[in-house]
Amino acid sequence: MIELKDVRRTYRRGTDNEVHAVRQATLSIAEGEFLAIVGPSGSGKSTLMNLVGCLDRPDGGTYRLAGVDVLALDDAALSRVRSERIGFVFQQFHLLPALTAVENVELPMLYRRGFTPPRSARELLGRVGLGERGHHRPGELSGGQQQRVAIARALIGDPRIVLADEPTGNLDGPSGAEVLDLLAELNREGRTVILVTHNPEVAARTKRTVRIEDGRIVADSGAVPATARVSGEEALP
Ligand code: ADP
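Being a predicted model, the structure only gives us computed values, none of them experimental.

Trainee: Honestly, the sheet that holds strand 6 (residues 86-90) in this entry has me stumped. Any pointers?
Mentor: Paired through backbone hydrogen bonds, the strands of a sheet run either parallel or antiparallel to each other. Across the sheet, six strands lie side by side as 6-7-8-3-9-10; this open sheet has mixed pairing. Single-partner strands in this sheet number two, and they are strand 6 and strand 10 (216-220). Between one strand and the next, the sheet's axes are offset by a mean angle of 20°, whatever the strand orientation. The pairing of strand 3 (residues 34-38) with strand 8 (residues 192-197) spans five bridges and is classified as parallel.

Trainee: How should the pairing of strand 2 (residues 17-29) be read in this particular structure?
Mentor: The side chains of a regular strand alternate, residue by residue, between the two faces of the sheet. Bridge analysis of strand 1 (residues 2-13) against strand 2 gives nine bridges, and the strand direction is antiparallel. Residue Tyr-11 lies in a different strand from strand 2, and its bridge partner there is Val-19. Counting the residues in the hairpin turn of strand 1 and strand 2 gives three residues, including Gly-14, whose phi is positive at 65°.

Trainee: Teacher, can you tell me more about the nonpolar core here?
Mentor: In summary, soluble globular proteins display a tendency toward joint burial of nonpolar side chains. In terms of nonpolar packing, the biggest core is built from 36 residues, with Val-105, Leu-125, Val-149, Ile-151, Leu-183 and Leu-195 touching the most fellow members. Mapped by element, the contributors of at least two residues to this core are strand 3, helix 3 (101-106), helix 4 (121-127), helix 5 (143-155), strand 7 (161-165), helix 6 (173-188), strand 8 and helix 7 (200-203). Once residues within four sequence positions are removed from consideration, Val-149 is found in contact with Leu-95, Ala-101, Asn-104, Val-105, Leu-125, Leu-130 and Leu-141. Judged by nonpolar contacts, the second largest core, of 27 residues, contains Val-22, Ile-37, Tyr-63 and Val-70.

Parameters at a glance
Here the residue index of a chain counts from 1 through its sequence in written order. Totals for whole chains, interfaces and linings use every residue, but because this is a predicted model, local features are given only for residues with pLDDT of at least 70 and side-chain atom pairs only at 80 or more, for both listing and counting. The side-chain figures draw on all heavy atoms in the structure; neither hydrogens nor water molecules are used. Strand pairing follows a simple DSSP-based rule, namely that at least 2 bridges must link the two strands. Counting from the N terminus, the helices are DSSP H or I runs at least four residues long and the strands are E runs at least two residues long. To define axes, lines are fitted to C-alpha atoms, for helices over the stretch in contact only, and angles between the resulting N-to-C directions are given on a 0 to 180 degree scale. Take the buried Ala, Val, Leu, Ile, Met, Phe, Trp, Tyr and Cys residues and link them wherever side-chain atoms come within 4.5 Å; each set so joined is a nonpolar core. A 1.4 Å probe rolled over the protein chains alone gives each residue an accessible area, and that area as a share of the maximum for its type sets the label: buried under 20%, exposed over 50%, partly exposed in between. We call two residues in contact when some of their heavy atoms are within 4.5 Å.

Take a look at the structure:
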């Protein structure tokens, strides 16, 4: 359902300095996969994640998401696809400090007029183990609790895809393990979960690892010829 072909993204610095953050990346991810994008710092992981998440547009190549040529969409339509299909989790949590946990979780619904979440912010906070903390502001929560609020926020729109960029990067071991357990559970429910990490132990929790170096995909433990990829997971080795 995620099909990137020959995608590239070049940043321009000043007049004659170009950074090839992602070069000719071709990547297919089936519905329900649990995948890690790994590589050294500066290798292009976040750039690739931002492209997959429709937060950024490539300079070349094609991207079909659930069969839709998303690069042909205007910005408003692209934002709509993003808010309907994708939930985001970031290393720095990106919660708004003045809002309570419940208000933070509800925030994405500002952009989804007419959509009724299948589960309320309070239910989702209960699900991530924070049922009693709905009225707390981020400053009154630990890092692990803030990241769990961010996961509840990612789920409010009931997305089929969850993208997590270094979700445990700012957490101690036990809090990071809780966050990974939650992401694994979301995958068991059938959601596609993609995480970016430079930590091999985190990557080992997933079912497929894509390695990127200097903007190129150099290894993919789950790469299957397109013809073999007929029925999602069953076609995987
Ligand atoms: P990673 O997530 O693996 O650390 P990034 O995708 O953040 O790597 O960055 C890949 C390369 O692109 C790096 O050289 C980085 O400095 C550069 N880069 C990333 N974002 C920008 C930007 N907005 N403007 C200019 N260069 C950028």
